[in-house]
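# Residue-level structure breakdown
The residues making up each chain are set out below.
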Amino acid sequence: YAEEKGYLFPLDIGSKGTCQIGGNVSTNAGGHHFFRFGGLHGTVVGMEVVLADGRVLRMNVDVSDDDNNDDCTHRFQQSSASLLKDNTGYDLKQLFIGGEGTLGIVTKVAVACPALPTSKNVALLVCNSYSDVLQILKTSKEELGEILSAIELIDSNTMKFVQKYGSGIGDHLISELLSPEVEAADKQPLFILVESQGCDQESDSSKMDAFLTSLYESSTIENGFLAQDSKHIEEIWGIRESCNPSVARAGYVHKFDVSIGIEAYMEVAEEVSDALENANLSDLTVCVWGHVADGNAHINIVSGQCDKDAVREETIENIVYSSVMKRKGSISAEHGIGQSKRKYMSQIKDGAVLELMSQMKNLFDPHFIMNPGKYLP
């Protein structure tokens, strides 16, 4: 819809073909372009929400297409148009972004959308250490600047699963990146997708060329591909978006969506792998991919057996979350709290903060009918 009108919807996630915008807002979804456009707390400029008692809370949204209902006792209206600036009172819509439907149901959203880019460049790079990844991050910000739109990381375990269980898209690229020479050397390379978006193809391509040249000359990257056309761009992004379904086909998966300081991004995965082995869980494979530019890691722990053993599951959870929390990270970067993470809230949130959150819940939903049993401990 946005593209037809010449705009880019700023949220780009793997489930974009099936998800709903209201759900995206309620879970505060992040996605590939968070680094470039920021999160929904910034891009959502207006919202309509239905409260537990049936009242409609309108906050900076256009109501011109609504029916003529003059019963103002059932409607709160902050503004009648979606303004980019509105500093009149508390910004209540922020409470519902990431609230997971526990305070109200999102029924209308106004989102600030940038113009569609007229140029796009995508590269898939290979490096041998996480220190090289950090150098890529630094160089990309220096060389690409304002056109840098996404930086994604895929570890070697994940890439092997994509090669084995993926849909076939980009297979020829993966085969070259995971060549027999790489396998024979027992290397564990890291793969980095870098994307730029802009409005001047010649200038943007020149910046990307300078960026890649700098990386090759400094031996920061070992190999890589620069997409030559839109089909090639789709192939590279197809590899990245095949991570989740490919790992799911590999076995039973314990999934974690965490936020870590960028310098400790791979450190957590390595520590988790060692801790699992020490806990006699060496049959598990630790995979990590995600939005490395903002510290969001999708840690997936794959087992060949169905791990419905509650003790085993809790051990794995505690290992991952302990590693994240001791580094002051978050146990939920963009996938929400739901039911399974509620028990950890008291470990990551100050008591006064949790108390105020509970008071807000009681105010908006005193009978606890909005998504009960979720979010709060």
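In what follows, the accompanying structure is described. In this convention, every chain numbers its residues from 1, walking through the sequence in written order. Selection of residues for local features in this predicted model requires a pLDDT of at least 70, selection of side-chain atom pairs for listing and counting requires 80 or more, and totals for whole chains, interfaces and linings are taken over all residues. Excluding hydrogens and water, the side-chain figures rest on all heavy atoms present in the structure.

## Things to note about the overall build of the protein chain
Secondary structure assignment for the protein chain yields 14 helices and 11 strands. What you see for the protein chain is a C-alpha radius of gyration of 22 Å, in line with the 21 Å of a compact globule of 377 residues. Expressed along its principal axes, the backbone C-alpha trace of the protein chain runs to roughly 75 × 55 × 35 Å. A 1.4 Å probe rolled over the protein chains alone gives each residue an accessible area, and that area as a share of the maximum for its type sets the label: buried under 20%, exposed over 50%, partly exposed in between. Across the 377 residues that make up the protein chain, the buried fraction comes to 46%. Roughly 18400 Å² of accessible area belongs to the protein chain as shown, and the carbon and sulfur atoms make up 50% of that amount. Each charge class in the protein chain was averaged separately, 31 positive and 54 negative side chains, and the resulting centres sit 5 Å apart. Starting at the N terminus, helices and strands are each numbered in turn, a helix being any DSSP run of H or I of at least four residues and a strand any DSSP run of E of at least two. The quantity called the radius of gyration is restricted to C-alpha atoms. Its globule counterpart is 2.2 Å times the number of residues to the power 0.38. Here, Shrake-Rupley sampling with a 1.4 Å probe gives the accessible areas, and only protein chains in the shown set may cover a residue. Note that His is not counted, nor are the chain ends; the positive residues are Lys and Arg, and the negative ones are Asp and Glu. To locate a charge, the coordinates of NZ of Lys, CZ of Arg, CG of Asp or CD of Glu are taken.

## Some points on the pattern of salt bridges
Salt bridge criterion: a side-chain nitrogen from Lys or Arg within 4 Å of a carboxyl oxygen from Asp or Glu. The tally for this structure, following the rule as stated, stands at 14 salt bridges. In this structure, Glu-152 engages Arg-240 in a salt bridge whose closest nitrogen and oxygen atoms are separated by 2.7 Å. On the criterion of sequence distance, the pair formed by Glu-152 in strand S6 (residues 148–155) and Arg-240 in helix H9 (residues 230–241) is long-range, its members being 88 residues apart. Just as Glu-152 is buried, Arg-240 falls in that class too. Ionic pairing is found between Asp-365 and Lys-361, a salt bridge with its closest N-O pair at 2.7 Å. Within this structure, Glu-267, Glu-271, Lys-326 and Arg-327 form a network of salt bridges that share partners.

## Details of the packing of helix H11 (residues 265–278) against helix H12 (residues 310–325)
Angles here are taken between N-to-C directions and fall from 0 to 180 degrees, while the axes themselves are lines fitted to C-alpha atoms, restricted in helices to the stretch in contact. Running from N to C, H11 and H12 cross one another at 145 degrees; their axes reach a closest spacing of 9 Å. Relative to H12, the crossing made by H11 is right-handed. Where H11 approaches H12, its residues Val-268, Glu-271, Val-272, Ala-275 and Leu-276 are matched on the opposing element by Ile-316, Ile-319, Val-320, Ser-323 and Val-324. When residues are grouped by polarity, Ala, Val, Leu, Ile, Met, Phe, Trp, Tyr, Cys and Pro land in nonpolar, Asp, Glu, Lys and Arg in charged, and all others, Gly among them, in polar. Each residue belonging to the contact of H11 with H12 can be placed in one class, and the counts come to eight nonpolar, one polar and one charged. The sense of a crossing depends on the near helix, which, turned anticlockwise from the far helix by less than a right angle, makes the crossing left-handed and, turned clockwise, makes it right-handed. Two residues form a contact once any of their heavy atoms are found within 4.5 Å.

## Some remarks on H11
Buried residues of H11: Tyr-265, Met-266, Val-268, Ala-269, Val-272 and Leu-276, and no others. Looking straight down H11, one finds that the buried residues subtend no more than 155 degrees of arc, so they occupy a single side. In H11, the exposed residues that point more than 90 degrees away from the buried face are Glu-277 and Asn-278. For H11, the elements touching its buried residues are helix H4 (130–143), S6, strand S7 (190–198), strand S10 (285–291), strand S11 (296–303) and H12. Picture the helix axis, draw a direction to every C-beta atom, and the arc is the one those directions span.

## Here we look at the environment of Ile-192
Looking at the element boundaries, Ile-192 is found in strand S7. Ile-192 sits in the buried class, given a relative accessible area of 0%. Between the C-alpha atoms of Ile-192 and Trp-289, which are 97 residues apart in sequence, the distance is 9.6 Å. Among residues more than four places away in sequence, those in contact with Ile-192 are Ala-123, Leu-124, Leu-125, Cys-127, Val-133, Ile-136, Ile-151, Glu-152 and Leu-153.

## As for the layout of surface pockets
Definitions used throughout: a 1 Å grid over protein atoms alone; a cavity as a set of points that fits a 1.4 Å probe which cannot get out; a pocket as an open set with protein on both sides within 12 Å along at least five of seven lines; a lining residue as one with an atom within 4 Å of a point. Grid points are joined across faces, edges and corners, and a volume is the space filled by probe spheres set on the points. Looking at the largest pocket, its volume works out to about 1000 Å³. Ala-2, Glu-3, Tyr-7, Leu-8 and Phe-9 are, among the 32 residues lining the largest pocket, the residues nearest its centre. Listed by contribution, the elements that provide at least two residues to the lining of the largest pocket are helix H1 (21–27), strand S4 (105–111), strand S5 (119–127), S7 and H9. Counting residues per element, the lining of the largest pocket draws most heavily on H9, at six residues. Along the lines of polarity and charge, the residues of the lining of the largest pocket split into 17 nonpolar, seven polar and eight charged.

## Side note on the side chain of Asp-257
In this fold, Asp-257 is placed in strand S9 (residues 252–259). It turns out Asp-257 is buried and unbridged, and the closest side chain with the opposite charge, Lys-341, is 4.6 Å from it. Polar contacts, as used here, are pairs of N or O atoms within 3.5 Å; protein pairs need one atom able to donate a hydrogen and one able to accept it. Residues neighboring in sequence count only if both atoms are side-chain atoms. In terms of polar contacts, Asp-257 uses its side chain to reach the side chain of Asn-296, at 2.9 Å. A polar side-chain atom of Asp-257 sits 2.7 Å from the main-chain amide nitrogen of Glu-334. Beyond its immediate stretch of four places on either side in the chain, Asp-257 contacts Asn-296, Ala-297, His-298, Ser-330, Ile-331, Ser-332, Ala-333, Glu-334, His-335 and Lys-341.

## Notes on the environment of Asp-155
With respect to the element layout, Asp-155 can be found in strand S6. As for Asp-155 and Glu-222, which are separated by 67 residues in sequence, their C-alpha atoms are 15 Å apart. Setting aside residues no more than four positions away along its own chain, Asp-155 makes contact with Pro-189, Leu-190, Phe-191, Met-266, Val-286, Cys-287 and Val-288.

## Here's the deal with a nonpolar patch on the surface
Patch membership is restricted to residues that have no salt bridge and whose relative accessible area is over 30%. Joining uses 9 Å for like charges and 5 Å for the nonpolar side chains Val, Leu, Ile, Met, Phe, Trp and Tyr. On the surface, Tyr-90, Leu-92 and Leu-95 cluster together into a nonpolar patch covering about 320 Å² of accessible area. Its location among the elements puts Leu-92 in the loop between strand S3 (75–77) and S4.

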